[in-house]
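# Remarks on the overall topology
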Amino acid sequence: MLSPYLPPSDTKRWVARRKAAVVAAVRSGALSIEEACRRYHLSEEEFLGWERRIEAHGVAGLQTTRLQIYRDVPTLKQAKPRY
């Protein structure tokens, strides 16, 4: 039986709390990654990105407003020289 804390399958607005609930369901074995991706129309890459951000930064890492701080790419940027 699925957790009552899981978001509905037709979820369009993915707030951090909903993403975390899906990741928790997969980690607990309530859903497989394949089931979660199919149910929520996610790519496996997107789900694994959620999981990586939770591992690295907790639920706050899932907030889209914090994405620039918690992104998966290296933080060093190649800046163009100013002349």
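For clarity, every value in this text was computed on a predicted model and none was experimentally measured.

## A few points about the packing of helix α1 (residues 16-28) against helix α3 (residues 44-57)
Contact geometry for α1 and α3: axes closest at 10 Å, N-to-C directions at 95 degrees. When the axis of α1 is compared with that of α3, the two are roughly perpendicular. Contacts between α1 and α3 pair K19, A20, V22, V23, V26 and R27 from the former with F47, W50, E51, I54 and E55 from the latter. Along the lines of polarity and charge, the residues of the contact of α1 with α3 split into 7 nonpolar, no polar and 4 charged.

## Here we look at the pattern of salt bridges
Taken as a whole and judged by the stated rule, the model has 2 salt bridges. Notably, a salt bridge pairs E51 with R27, separated by 3.7 Å at the nearest N-O pair. A residue pair is termed long-range when its members are at least 10 positions apart, and E51 in helix α3 and R27 in helix α1 qualify at 24 residues. Here E55 makes a salt bridge to R27, at a shortest N to O gap of 3.3 Å. Separated by 28 residues along the polypeptide, E55 in helix α3 and R27 in helix α1 bring together distant segments of the chain. You can call R27 partly exposed: its relative accessible area is 45%.

## Regarding the nonpolar core
Counting 17 residues, the largest nonpolar core has L6, V22, L31, Y40, F47, W50 and L62 as the members making the most contacts within it. For this core, the secondary-structure elements that each account for two or more residues are α1, α2 (33-40) and α3. At 6 residues, α1 tops the list of elements feeding residues into this core. What W50 contacts, discounting residues up to four positions off in sequence, is W14, K19, V22, V23, L42 and L62.

Conventions used here
Residues numbered from 1 in each chain as written. Predicted model: local features only at pLDDT ≥ 70, side-chain atom pairs only at ≥ 80, totals over all residues. Heavy atoms only, no water. Axes fitted to C-alpha atoms, helices over the stretch in contact; angles between N-to-C directions. Helix = DSSP H or I, 4+ residues; strand = E, 2+ residues; numbered from the N terminus. Parallel < 35°, antiparallel > 145°, perpendicular 65-115°, else oblique. Contact = heavy atoms within 4.5 Å. Nonpolar A, V, L, I, M, F, W, Y, C, P; charged D, E, K, R; others polar. Salt bridge = Lys/Arg side-chain N within 4 Å of Asp/Glu carboxyl O. Buried < 20%, exposed > 50% of the residue type's maximum accessible area, 1.4 Å probe, protein only. Core = buried A, V, L, I, M, F, W, Y, C linked by side-chain atoms within 4.5 Å.

By themselves, these observations are geometric and do not establish any function.
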